[in-house]
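# Structural overview
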2 protein chains.
Amino acid sequence: MKRITIYDVAKEADVSLATVSRVINDSNVVREDTRNRVQEAIEKLGYKPNAIAQGLALSKTTTISIVMSEKLLAYNTKILNGLMDVAKIYNYNIMFHTTSKGISKMQDVIESIIKSRVDGVILFNDNFTEDEMEVLHEYQIPMVVVGARFEGKKDENVGNVYVDFERLAYDLVRDLIEQGVDDITLMEDRLNLSMMKQLKKGIEKAFEDAGKNFEGYISYGDGYKSSYAFFKDYFKDHKPAKFNMAFRDSQAIAVMNAAAEAGFHSPEDLQIVSVLDSKYLNMVRPRISSYNIPEYDMGAISMRLLTKMLVSDRDQDENRNIEISYTPIPRDTTKEELFY
Amino acid sequence: MKRITIYDVAKEADVSLATVSRVINDSNVVREDTRNRVQEAIEKLGYKPNAIAQGLALSKTTTISIVMSEKLLAYNTKILNGLMDVAKIYNYNIMFHTTSKGISKMQDVIESIIKSRVDGVILFNDNFTEDEMEVLHEYQIPMVVVGARFEGKKDENVGNVYVDFERLAYDLVRDLIEQGVDDITLMEDRLNLSMMKQLKKGIEKAFEDAGKNFEGYISYGDGYKSSYAFFKDYFKDHKPAKFNMAFRDSQAIAVMNAAAEAGFHSPEDLQIVSVLDSKYLNMVRPRISSYNIPEYDMGAISMRLLTKMLVSDRDQDENRNIEISYTPIPRDTTKEELFY
């Protein structure tokens, strides 16, 4: 299951490395039947020559691709810094790729990764479909998925550094239900749909365990403006849910501002938690409760894991699924009994 | 003044490209005296072979290095997205470098850029000293400096896409003084010292033109926490300045929160402006006034400029200094007359 190199092609076609290199570089020196044999081997093995340094696999630097969506970039700068620092320690070259609707699709990024034959890939979860993952799989490029738990097909070429958002939501909601609070809203974050899925699953499980049914998942546009507009309108003829769970700061602030302007105050009328922390949650009034997730460390650990995957034997029984722990940060928007 | 390639070495040493390539790759086929001639030419011209694809300069992909400090990353994701989108259109490979105290110094980044012989560099201003710039200059790598106006040595290999922060500050403070406000504070932002220098220069000039002296530059730790702690303490026995200018959202929010908690309210007791806009300025109460700087466009324009620099004749008289315009965003923390 190791990655196909020029050596494998040479072995398969029973020719020298130089001959494979000549075929790849369209040299005329190679005999017709030899050329055909090499091309058959290339096709059979699925070998893609490096677009940058064709045939020069011998003395290359280790290059890692980091792939993330443009929309997530602003929220993941700490993870990125952790990745970059460890990459620097190992003298890796970092190729940076962003995906965005319209301009740079995941498809093109994958094509570019495969062509430039990077040694490993760091993928931010939520960027890609399982089909897209499959393509990277086929080329057996070692990769680490960072963020949420990766639920696609896994083998020894896929590592995962993640926060167990399902358990986080389960534990929180179980405590809330024990404290008599079951009027709970989970606000959809369209930028992080795989995280949302896991949070929802955790809440549903806690409700189920209490013999109840969770119906508080709300979905509207993304970003602060649309969340704020939604709640401004909603609070004209609704009371806020007793407990409001958001994934990011902007949604938590949106519900808080709209509620305050409709005369509802946190934590008395509505408790609010943002799963991801940000310094802004500490700047607004009241300060919004959150979870401390060591994002920089997540990045550093992810790059370190990829390093190990690049050098170690493929079959070894090393842990390639690393769960990152989190701790609640109680601030003003949750009641005292919640996080104690 | 063009960049040194393997062709220049071959010409200087009067040998074929293949011979230079053999010398670089330590082949034994080359005669001793030829080898010496090539090595002399390499030294004389300051040629650095590409660590990735030695001698394969012929069919290489265009690769651009983006360099920014880790601390600035979180504030420049829009610029980065603009850079990445245009790079994608031109099929550029992006090598990403971050600098940070301790782990990855500018020196190492420069070394790595030169070794991997990227085709061009995008530098975020405030990352490097003039000495460091000089090193990149020597290797004649085309580069674009993005952010503030670049005041170092410039030649046809250096482009600059910038906001004229000096003029922004001058115009604002001239208007304030005309309106009778000369009790003005500028809060230092240690992450953006070259921007601070330009803002300060603009304010000083406006004071000077009004026959006054500016003494409102205050300096303390960086980040929200230290700014907030500073002002909490300061407002125990001081009133806030009538007008407070911050570079980033966190400092503007810090002075507003500390003032409010000491009983001073914006805009009546203190006006506040954050030069850089962020969505959070719209989320706090009162909403903080700011400037709209088209950051995504700055990134896109910078990469486009670099593209032109890579393909065009070196001596042509094209504009390589592009000023980006800005417009004020009046919100709750400035008085009505200010931005009209």
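Residues numbered from 1 in each chain as written. Chains lettered and ligands numbered in written order. Predicted model: local features only at pLDDT ≥ 70, side-chain atom pairs only at ≥ 80, totals over all residues. Heavy atoms only, no water.

Named according to an unreviewed UniProt entry, chain A is Catabolite control protein A originating from Ileibacterium valens.

With that settled, the discussion passes to the overall build of chain A. Broken down by element type, chain A carries twelve helices and twelve strands. The buried share of chain A, taken over its 340 residues, is 56%. Considering only intrachain contacts with a sequence separation of at least 6, the fraction spanning at least 24 residues in chain A is 70%. Carbon together with sulfur atoms contributes 47% to the accessible area of chain A, which is approximately 14800 Å² in total. (Helix = DSSP H or I, 4+ residues; strand = E, 2+ residues; numbered from the N terminus. Buried < 20%, exposed > 50% of the residue type's maximum accessible area, 1.4 Å probe, protein only. Contact = heavy atoms within 4.5 Å. Areas by Shrake-Rupley, 256 points an atom, 1.4 Å probe, with all protein chains shown as cover.)

This part is about the interface of chain B and chain A. Each side of the interface is counted separately: chain B has 46 residues, and chain A has 46 residues. The junction of chain B with chain A conceals about 4000 Å² of combined surface from both sides, 55% of it contributed by carbon and sulfur atoms. Applying the counting criterion to the chain B and chain A interface returns two salt bridges. A salt bridge links Arg285 of chain A to Glu261 of chain B; its shortest N-O distance comes to 2.8 Å. Between the two partners, chain B and chain A, sit 17 residue pairs in polar contact (both at pLDDT 80 or more). Contributing elements (two or more residues each) for the side of chain B that touches chain A: helix 4 (70–73), helix 5 (77–89), strand 2 (93–99), helix 6 (106–115), helix 10 (223–234) and helix 11 (249–261) of chain B. The element that contributes the greatest number of residues to the side of chain B that touches chain A is helix 5 of chain B, accounting for seven residues. (Buried area = accessible area lost by both parts, 1.4 Å probe. Salt bridge = Lys/Arg side-chain N within 4 Å of Asp/Glu carboxyl O. Polar contact = N/O pair within 3.5 Å; in protein donor to acceptor, adjacent residues only side chain to side chain.)

This part takes up the packing of helix 2 (residues 17–24) of chain B against helix 3 (residues 32–45) of chain B. Residues and elements named next belong to chain B. Following both chains from N to C, one finds helix 2 and helix 3 inclined at 85 degrees, their axes separated by 10 Å at the closest point. When the axis of helix 2 is compared with that of helix 3, the two are roughly perpendicular. Contacts between helix 2 and helix 3 involve Thr19, Val20, Val23 and Ile24 from the former and Thr34, Arg35, Val38, Gln39 and Ile42 from the latter. In the contact of helix 2 with helix 3, the residues fall into five nonpolar, three polar and one charged. (Axes fitted to C-alpha atoms, helices over the stretch in contact; angles between N-to-C directions. Parallel < 35°, antiparallel > 145°, perpendicular 65-115°, else oblique. Nonpolar A, V, L, I, M, F, W, Y, C, P; charged D, E, K, R; others polar.)

Quick look at the side chain of Ser289 of chain B now. All names here are of chain B. Here Ser289 shows up in strand 10 (residues 289–292). A distance of 2.8 Å separates a polar side-chain atom of Ser289 from the backbone nitrogen of Arg331. Look past the residues within four positions of Ser289 in its chain and what remains in contact with it is Ile272, Val273, Ser274, Ile329, Pro330, Arg331, Asp332, Thr333, Thr334 and Phe339.

With that out of the way, let us pick up the relation of the copies chain B and chain A. Rotating chain B by 180 degrees and translating it 0.0 Å along the rotation axis places it on chain A, where the RMSD comes to 0.2 Å. The operation mapping one copy onto its partner corresponds to a two-fold rotation axis. In this assembly, 100% of the residues forming the interface of chain B have copies in chain A that are likewise at the interface, indicating an isologous arrangement. (Least-squares fit on C-alpha atoms with pLDDT ≥ 70 in both.)

Residues and elements named next belong to chain A. Most of strand 1 (residues 63–69) is tucked away: seven of the seven residues are buried. Because side chains alternate across strand 1, one face comprises the buried residues Thr63, Ser65, Val67 and Ser69, and the other comprises Ile64, Ile66 and Met68, equally buried. One ladder, built from seven bridges, connects strand 1 with strand 2 (residues 93–99); its direction is parallel. Following the sheet pairing, Ile64 is matched in strand 2 by Ile94. In the sheet, strand 1 pairs with strand 3 (residues 120–124) via four bridges, with the strands oriented parallel. In the sheet register, Ile66 faces strand 3, and the bridge partner there is Ile122. (Pairing = 2+ DSSP bridges.)

Moving on, we come to the domain arrangement of chain A. Each assigned domain of chain A is listed with its residue range as follows: domain 1 (1–56) and domain 2 (165–292). One C-alpha centre belongs to domain 1 of chain A, the other to domain 2 of chain A, and the line joining them spans 56 Å. (Domains from an automatic or database assignment.)

Attention now goes to the sheet that holds strand 12 (residues 327–329) of chain A. Residue and element names in this part refer to chain A. What the six strands build is an open sheet, ordered 7-6-8-9-10-12; its pairing is mixed. Sheet topology places strand 7 (217–218) and strand 12 at the edges, where each strand pairs with a single neighbour. In the sheet, strand 8 (residues 243–246) pairs with strand 9 (residues 271–276) via four bridges, with the strands oriented parallel. The residue of strand 9 that forms the bridge with Phe243 is Gln271. Here helix 9 (residues 193–209) sits on the sheet in contact with strand 6 (184–187), strand 7, strand 8 and strand 9, set at roughly 165 degrees to strand 6.

Turning our attention to the environment of Glu336 of chain A. Here Glu336 of chain A shows up in the segment after strand 12. Sequence separation between Glu336 of chain A and Pro267 of chain A is 69 residues, and the spatial gap between their C-alpha atoms is 9.6 Å.

All names here are of chain A. Enumeration according to the criterion identifies 30 aromatic pairs over all chains in this entry. Arranged with centres 4.7 Å apart and planes meeting at 20 degrees, the rings of Tyr220 and Phe230 form a pair that is stacked. Taken together, the residues Tyr220 in the loop between strand 7 and helix 10 (223–234) and Phe230 in helix 10 connect sequence positions ten residues apart. Judged by relative accessible area, which is 6%, Tyr220 ranks as buried. Owing to a relative accessible area of 27%, Phe230 belongs among the partly exposed residues under this scheme. Cluster of aromatic residues (ring-pair linked, three or more members): Tyr220, Phe230, Phe231, Tyr234, Phe235 and Phe264. Note that Lys200 overlies the ring of Tyr217, its terminal NZ or CZ placed 5.3 Å from the centroid. (Phe/Tyr/Trp six-rings, centres within 6.5 Å; stacked < 30°, edge-to-face > 60°. Lys NZ or Arg CZ within 6 Å of the ring centre and 35° of its normal.)

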